[in-house]
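Listed below, chain by chain, are the residues.
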Amino acid sequence: MQRHKQLATAAGLAALLACGAAQAAETRQHAWYAGISAGISTLDITSADWDDGSLTSGQAEESGVAYKVFTGYRFNNYLDLELAYIRLGDSSFRGVASGRVPSVWEPGNVTGDTEAQGISTEAVAAWTFGQRLKVYAKGGLFFWDSTVIYEPTIAATSVVDDPDQSNRSAVHDDGVSFIYGLGADWRLYKNWWLRGEWQQTTLGLVKTDEYTDSFPSLGVLFNF
């Protein structure tokens, strides 16, 4: 009887060790992940931000299509580290300049556009619920680069190659800002997951003001 108990105990320990080894192997196998997501980002810029005092009318479009490509490393069930390339949505402006006061605009119809992109690195604090749901909060740094293009202007801020576009101005800016967000992953099939996320950051335009950009997105990721 004692020998049977010893054998049962040994068998139980072996099963636990095998299960632990299998879980460790699975954790190692699924430590890396990568994905892509897209959505509409909104920049808190208004027509007043384009007005130098010479505009008689103007309208700004603050939102545009945005996307991100990301990869991450899962240290455990509670902590990830992510690296992402983010292309924020463009904003635009259409207005009319009067020319009655000193202005960067030429009189008549005027236009402006913004572009922004960058690289983010973020720590992710995660909570898992069963085998299918994971919710998380994240935060880190966003290394961004922005361009503002507006035309026609009295004197171009940056020289362009095309002589026909000599009245177009382009101002570049770059910097580092905090980025943070919330999200959830839902397991679709095997190693494929659906990701819904909201992120927010700030970026500079024309080396003067900083603007807030909010970016809700939906995407997929794959655990390697």
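Everything in this summary refers to the structure shown in the same document. All of these numbers come straight from a predicted model, not from anything done at the bench. (Residues numbered from 1 in each chain as written. Predicted model: local features only at pLDDT ≥ 70, side-chain atom pairs only at ≥ 80, totals over all residues. Heavy atoms only, no water.)

### Section: the pairing of strand β9 (residues 192–205)
Pairing of strand β8 (residues 169–189) with β9, which is carried by 10 bridges, proceeds in the antiparallel orientation. Each bridged residue has a counterpart across the sheet, and for I179 the counterpart in β9 is T201. Connecting the antiparallel pair β8 and β9 is a turn made up of two residues, with K190 showing a positive phi of about 50°. Note that β9 and strand β10 (residues 209–223) share 14 bridges and pair antiparallel. For W193, the partnering residue across the bridge sits in β10 and is L221. The turn linking β9 back onto β10 is made up of three residues, and V206 within it adopts a positive phi angle of 50°. (Pairing = 2+ DSSP bridges. Helix = DSSP H or I, 4+ residues; strand = E, 2+ residues; numbered from the N terminus.)

### Some details on the nonpolar core
In this structure, W50, I86, L88, W105, L203 and L205 are the most contacted members of the largest nonpolar core, which totals 27 residues. Sorting elements by how many residues they give to this core places strand β7 (residues 133–151) first, with four residues. (Core = buried A, V, L, I, M, F, W, Y, C linked by side-chain atoms within 4.5 Å. Buried < 20%, exposed > 50% of the residue type's maximum accessible area, 1.4 Å probe, protein only.)

### Some thoughts on the side chain of E197
Looking at where E197 falls in the secondary structure, it is placed in strand β9. A polar contact is formed between the side chain of E197 and the side chain of Y136, at a distance of 2.6 Å. In terms of polar contacts, E197 uses its side chain to reach the side chain of K138, at 2.9 Å. Once residues lying within four places of it in the same chain are set aside, the contact partners of E197 are K68, Y136, K138, L182, G183, F215, P216 and S217. (Polar contact = N/O pair within 3.5 Å; in protein donor to acceptor, adjacent residues only side chain to side chain. Contact = heavy atoms within 4.5 Å.)

### Some words on the pattern of salt bridges
Inspection of the entire model under this criterion finds 12 salt bridges. Here K138 and E82 are joined by a salt bridge, their closest N and O atoms 2.7 Å apart. With K138 in strand β7 and E82 in strand β4 (residues 79–87), this pair connects stretches of sequence that are 56 residues apart. As far as the burial class goes, K138 and E82 line up, both buried. With a shortest N-O distance of 3.9 Å, K138 and E122 are connected by a salt bridge. Pair noted here: K138 is in strand β7 and E122 is in strand β6 (residues 108–129), with a separation of 16 residues, a long-range link. (Salt bridge = Lys/Arg side-chain N within 4 Å of Asp/Glu carboxyl O.)

### Observations concerning the packing of aromatic side chains
Counted by the stated rule, this structure contains nine aromatic pairs. Both rings, one in W32 and one in Y73, keep their centres 4.8 Å apart while their planes meet at 65°; by these two values the pair is edge-to-face. Remark: Y73 occurs in strand β3 (residues 63–74) and W32 occurs in strand β1 (residues 32–43); sequence separation between them is 41 residues. Residue W32 is classed as partly exposed on the basis of its relative accessible area of 48%. Ring plane angle 80° and centroid distance 5.3 Å describe the contact between F222 and F224, whose orientation is recorded as edge-to-face. Taken together through their ring pairs, the aromatic side chains of W50, F93, W105 and Y150 make up a single cluster. (Phe/Tyr/Trp six-rings, centres within 6.5 Å; stacked < 30°, edge-to-face > 60°.)

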